[in-house]
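# Survey of secondary and tertiary structure
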Amino acid sequence: MHVTAWYQDLDNVREWFPAASGQKILSEREIESDLRALRSALNETEINRYRALCRDTAALMTQVLSAARSDDSEFDVAAKLTAGAVVQGGEVLVALVSGDSRAAARHPLPTAAPLGGKAMAVLCVRRHGLIANITRWVRFGAPTPQELSGEDDILAVEADILAAIRPGGVLGELLAVIQGSYPEHGFDAGEWSLHHQGGIAGYNGRDPRLTPGATDLFQLNQAFAFNPSAARDGLAFKVEDTMLLTESGDFEVLTFDPLWPSNLVNGLPRPAVLQR
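How each quantity is defined
- Residues numbered from 1 in each chain as written.
- Predicted model: local features only at pLDDT ≥ 70, side-chain atom pairs only at ≥ 80, totals over all residues.
- Heavy atoms only, no water.
- Pairing = 2+ DSSP bridges.
- Helix = DSSP H or I, 4+ residues; strand = E, 2+ residues; numbered from the N terminus.
- Axes fitted to C-alpha atoms, helices over the stretch in contact; angles between N-to-C directions.
- Parallel < 35°, antiparallel > 145°, perpendicular 65-115°, else oblique.
- Left-handed = near helix turned anticlockwise from the far one by under 90°.
- Contact = heavy atoms within 4.5 Å.
- Nonpolar A, V, L, I, M, F, W, Y, C, P; charged D, E, K, R; others polar.
- Phe/Tyr/Trp six-rings, centres within 6.5 Å; stacked < 30°, edge-to-face > 60°.
- Buried < 20%, exposed > 50% of the residue type's maximum accessible area, 1.4 Å probe, protein only.
- Lys NZ or Arg CZ within 6 Å of the ring centre and 35° of its normal.
- Salt bridge = Lys/Arg side-chain N within 4 Å of Asp/Glu carboxyl O.

### A few points about the sheet that holds strand β1 (residues 91-98)
Taken in spatial order, the four strands of this open sheet run β1-β2-β3-β12, and their pairing is mixed. The open sheet is flanked by β1 and β12 (274-275), the only strands paired with a single partner. Note that β1 and strand β2 (residues 118-127) share seven bridges and pair antiparallel. In the sheet register, S98 faces β2, and the bridge partner there is M120.

Next up, the structure:
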């Protein structure tokens, strides 16, 4: 056994485990993708824990946004979401809220601004090491045709992403799909570059995030959280759920709540905007 004090570094770890028979000792960086692959294919116990966390998080989002008012501040909503997640035994990693006055913000830290006519809320909650990621929208008043069109189109971008995922596929190859999908569905071609697009999920918020050249392979029983976002006609659009690629090769939406309004897109229940 080797004991290191908390204030010491691990520079001497190689001295503790000398290479046997001339074998090279690999650094963690050199085997990082292999370690991710081992932890990202979830076993039955992990999947059951993940389902429970995601159900709780989705139900909390429904509860808080169903009671929200247009004059509530972003701080108010973020506080209720955070407190509710802690009561459920979770650790809140991200709690974002934007009212319509800050719709252009892609990663909106909450402020004292009121929700106004339409608002977005985002939660990333960790429990048992696993992280649930979810985005939801609430609207106060009637939607415009431009809003409804944009909401459908961002779901179409997400659908293109999911359709391209197959076991054995390479994460980085999705980037070309995303780059083509935004303009195909009426958004600016550069939207993919304005905020990260998500990636493999599980024991990190993204494990890893989709970036050019990402070599991680898709596996069955692996979780994903993609979050395409875009702006058009002065309006903002985004979708995000935590999903599992099941043994059957189909997706299961882990953050699905039957009390939240949804529409089927390619057979999957996808969140609509909650109309108040």
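### Describing the packing of helix α5 (residues 145-163) against helix α6 (residues 174-184)
One can describe the packing of α5 onto α6 by two numbers: an axis separation of 9 Å at closest approach and a directional angle of 155 degrees. The orientation of α5 with respect to α6, classified from their angle, is roughly antiparallel. Where α5 crosses over α6, the handedness of that crossing is right-handed. Contact residues: α5 offers I154, A156, V157, D160 and I161, while α6 offers L174, V177, I178, S181, Y182 and E184. Looking at the contact of α5 with α6 residue by residue, the classes come out as eight nonpolar, one polar and two charged.

### A look at the packing of aromatic side chains
Counted under the stated rule, the structure contains five aromatic pairs. Between Y182 and F187 the ring centres are 6.2 Å apart and the planes differ by 70 degrees, which places this aromatic pair in the edge-to-face class. Exposure class is identical for Y182 and F187. Each is buried. Aromatic side chains F187 and F237 sit 6.2 Å apart centroid to centroid with 50 degrees between the ring planes, which places their arrangement in the tilted category. Taken as a pair, F187 in the loop between α6 and β4 (198-201) and F237 in strand β7 (residues 235-238) lie far apart in primary sequence, 50 residues in all. Comparing F187 with F237 shows no difference in burial state: the two are buried. A cation over an aromatic ring shows up here: K118 above the ring of W137, its NZ or CZ 4.8 Å from the ring centre. Across the ring face of F187, the terminal group of R232 is positioned such that the distance to the ring centre comes to 4.5 Å.

### What about the pairing of strand β11 (residues 268-271)?
When strand β10 (residues 262-265) meets β11, the two strands line up antiparallel, connected through four bridges. Across the sheet, the residue bridging to N263 is R270, located in β11. Linking two consecutive strands that pair antiparallel, namely β10 and β11, is a turn of two residues; a positive phi of about 55 degrees is found at N266 within it.

### Details of the sheet that holds strand β8 (residues 243-245)
If you trace the four strands from one edge of the open sheet to the other, you get β4-β5-β8-β9, paired in antiparallel fashion. Because the sheet does not close on itself, it has two edges, and the strands there are β4 and β9 (251-253). Shown here is a sheet whose adjacent strand axes are inclined to one another by a mean of 30 degrees, direction ignored. Direction of pairing for strand β5 (residues 222-226) relative to β8: antiparallel, over a ladder of three bridges.

### Points about the pattern of salt bridges
Scanning the entire structure with this criterion turns up 19 salt bridges. We note a salt bridge from R106 to E191, for which the minimum N-O separation is 2.6 Å. Pair noted here: R106 is in the loop between β1 and β2 and E191 is in the loop between α6 and β4, with a separation of 85 residues, a long-range link. Just as R106 is buried, E191 falls in that class too. Residue D153 is joined to R232 by a salt bridge in which the shortest nitrogen-to-oxygen separation is 2.8 Å. Of this pair, D153 sits in helix α5 while R232 sits in strand β6 (residues 229-232), and the two are 79 residues apart along the sequence. Each of K118, R139, E147 and E151 takes part in a single network of salt bridges with overlapping partners.

### A word on the environment of A164
For A164, the location among the structural elements is in the loop between α5 and α6. Sequence separation between A164 and Y203 is 39 residues, and the spatial gap between their C-alpha atoms is 23 Å. Non-local contacts of A164, meaning those with residues more than four positions away in its chain, are made with L174 and V177.

### As for the side chain of R270
Within the secondary structure layout, R270 lies in strand β11. Apart from the residues within four sequence positions on either side, R270 is in contact with L155, E158, V239, D241, M243, V253, P261, S262, N263 and V265.

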